[in-house]
Amino acid sequence: MPTELVLILSGLVAGTFGAMLGLGGGLLIVPILTLGFGLPLTAAVGTSLVCVIATSTGAAAFNVRAGRADVRLGITLGAATVVGAATGGIAAGVLPDRLIAGLFAALLAYTALVMLRGLRAAGARREPEVEVDPASPDGPNAPAYRARRLPAALGGSLVAGNVSGLLGVGGGIISVPLVHLVMGAPMRVAVATSNFMIGITAAAGASAYLFRGEIDPRVAAPVVVGVTIGAAIGASVAARLRASWLTALFVAVVAYVAFRMALRAMGAE
Amino acid sequence: MSSPPAPAPARGPALGRLIAIVLRAGTLLAVAAITAGFVLALIGAEPAPGAQPVLELIRSAGPDAITAAGLLALTLLPLGVLGVAAFSFGTGGERRYLASSLVTLALLAGSLVVSALLAGAS
């Protein structure tokens, strides 16, 4: 099979999984490109960030239009994520590959643990319905709530942005709990707002890789195409699927990839 | 008996609609350029340029320049989103969020410039 086709399929799988689980494709694209295609880690991270922008902007168009994303909050927190992502992207140019692989393995392990806990807690609590205020300036679908603890959220957003720029992921694994648990936004709003922020964040990180010349257009193009199609498929089937088995499978895959990345960090691969 | 005052014109939906238009159109155009460049490069059996700074790729002309332009457009798209948001907040009189969006816009634009300068210096 031609390499280009394999890259498109890889992007398709990463985009579909990412959209179904609300994680974005970055967590899978970086390991696929490094472990599967032998790309240098920084090249994989840069390519992943461009894919993250594509999936974020595609989904954000629907979320913003429907009033599900809190644009004002997203833009406010975006200031901190941009600074974090830019410094992360610049730092990646000087940090050793093995250190980045080690950090990525730690992020994957953390993600697997968070998802495992979510899987166990599933069914134990129900997400409260989003309160709707028809007089809200964002229209009848806009949620009415009051965001709290802005300084703490800005600090957390700085970390989320840094992780994004350094490791090529969207940072949703940090920003969704931040907006939901720390700021008190309803879960659906947190997911949609985080998705909106991710595009802004990833742009700051991706630019460092693009200008340094670490993104190969013949690799990035098929992956972006695959991820974009996969994200559309994932978003359309997500509502019809029972997510628990999918999450369990994803946890297993992420744990395995974390192990392989840890081996790479230790120089054993 | 006087009739109740008419509700103030809703500014928000215009903000959401404008941002959605920019996001959708920008994503479509950028992904279309990336796809077109990639397909043209495959059809023309062009030699792969490898990883190069994006501006050099664009200057090189040819199918990979189209792909590179699409990648750069995708990366610059959030700047457009923030610009539209700032405009909308400004015309709607939401000074606090106008300031927020301008700060984020300035930081993002600054990070792009710093990245370009650092890449040029190295």
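As shown above, the structure is provided for reference.
Residues numbered from 1 in each chain as written. Chains lettered and ligands numbered in written order. Predicted model: local features only at pLDDT ≥ 70, side-chain atom pairs only at ≥ 80, totals over all residues.

### Some words on the overall build of chain B
Filter applied, for reference: A run of DSSP states H or I qualifies as a helix once it reaches four residues; a run of E qualifies as a strand once it reaches two. Both are numbered from the N-terminal end. Whether a residue is buried, exposed or partly exposed is read from the other C-beta atoms within 10 Å of its own C-beta, which are placed from the backbone; 20 or more gives buried, 12 or fewer gives exposed, and intermediate counts give partly exposed. C-beta atoms are placed from the backbone for every residue, and two residues are taken to be in contact when these atoms lie within 7 Å.
Broken down by element type, chain B carries four helices and zero strands. Its helices and strands taken in sequence order, chain B reads α-α-α-α from the N to the C terminus. Here chain B, with 122 residues, has 39% of them falling under the buried criterion. In chain B, the share of contacts with a sequence separation of at least 24, taken over all contacts with a separation of at least 6, comes to 57%.

### Topic: the interface of chain B and chain A
Test applied: Each residue is assigned to one class: nonpolar for Ala, Val, Leu, Ile, Met, Phe, Trp, Tyr, Cys and Pro, charged for Asp, Glu, Lys and Arg, and polar for all the others, Gly among them.
The interface is formed by 53 residues belonging to chain B together with 50 residues belonging to chain A. At the level of elements, helix 1 (12-43), helix 2 (54-59), helix 3 (63-92) and helix 4 (95-121) of chain B are the ones that each hand at least two residues to the side of chain B that touches chain A. Of all the elements, helix 1 of chain B adds the most residues to the side of chain B that touches chain A, at 18 residues. For the side of chain B that touches chain A, the residue count by class is 34 nonpolar, 15 polar and four charged.

### A closer look at the environment of Gly226(A)
Residues and elements named next belong to chain A. Positionally, Gly226 belongs in helix 9 (residues 217-238). Of the residues examined, Gly226 has 25 C-beta atoms within 10 Å and is grouped as buried. In this structure, the C-alpha to C-alpha distance between Gly226 and Thr16, residues 210 residues apart in sequence, is 9.2 Å.

### Regarding the packing of helix 8 (residues 187-212) of chain A against helix 3 of chain B
How we decide: Fitting a line to C-alpha atoms yields each axis, with helices limited to the stretch in contact; the angle taken between N-to-C directions then spans 0 to 180 degrees. Working rule for angles: under 35 degrees goes down as roughly parallel, over 145 as roughly antiparallel, 65 to 115 as roughly perpendicular, anything else as oblique. With the far helix as reference, a near helix turned anticlockwise by less than a right angle produces a left-handed crossing, and one turned clockwise produces a right-handed crossing.
Across the interface, helix 8 of chain A lies against helix 3 of chain B with an axial gap of 8 Å and an inter-helix angle of 140°. One finds that helix 8 of chain A runs oblique with respect to helix 3 of chain B. Considering the relative orientation of helix 8 of chain A and helix 3 of chain B, their crossing is left-handed. On helix 3 of chain B, the residues that touch Gly199(A), Ile200(A), Ala203(A), Ala206(A), Ser207(A) and Leu210(A) of helix 8 of chain A are Leu71(B), Leu72(B), Thr75(B) and Pro78(B). Across the contact of helix 8 of chain A with helix 3 of chain B, the residue classes break down as seven nonpolar, three polar and no charged.

### Details of helix 4 (residues 71-92) of chain A
All names here are of chain A. Defined as follows: Each helix should span, by expectation, one fewer than its residue count multiplied by 1.5 Å. Throughout, bend refers to the angle between the axes fitted to the seven residues that end at a position and the seven residues that start at it.
Look at helix 4: 29 Å from first C-alpha to last across 22 residues, which is about the 32 Å you get at 1.5 Å a residue. Largest kink in helix 4: about 35°, centred on Gly78. Burial runs high along helix 4: 21 of the 22 residues are buried.

### Examining the nonpolar core
Note the following rule: In this description, a nonpolar core means buried residues of the types Ala, Val, Leu, Ile, Met, Phe, Trp, Tyr and Cys, linked to one another by C-beta atoms lying within 7 Å.
If you look at the biggest cluster of nonpolar residues, it comprises 126 residues, and the most contacted ones within it are Val50(A), Ile53(A), Leu108(A), Val224(A) and Leu71(B). It is helix 8 of chain A that provides the largest number of residues to this core, a total of 16 residues. When sequence neighbours within four positions are dropped, the list of residues in contact with Leu71(B) reads Val50(A), Leu210(A), Ile215(A), Pro217(A), Ala220(A), Ile34(B) and Val54(B).

### A short note on unusual backbone geometry
Residues and elements named next belong to chain B. Phi is positive for Ala45, close to 50°, though the residue is something other than glycine. Its place among the elements puts Ala45 in the loop between helix 1 and helix 2. The exposed category is assigned to Ala45, around which 6 C-beta atoms lie within 10 Å. The residue Ala61 is not glycine, and still its phi comes out positive at about 60°. Within the secondary structure layout, Ala61 lies in the loop between helix 2 and helix 3. Under the C-beta neighbour-count criterion, Ala61 is labelled exposed, with 9 such atoms within 10 Å.

### As for the environment of Thr27(B)
Tracing the chain through its elements places Thr27(B) in helix 1. C-alpha separation for the pair Thr27(B) and Leu77(B), spaced 50 residues apart in sequence, amounts to 7.7 Å. Other than its neighbours up to four places away in sequence, Thr27(B) contacts Ala54(A), Thr57(A), Gly58(A), Ala61(A) and Leu77(B).

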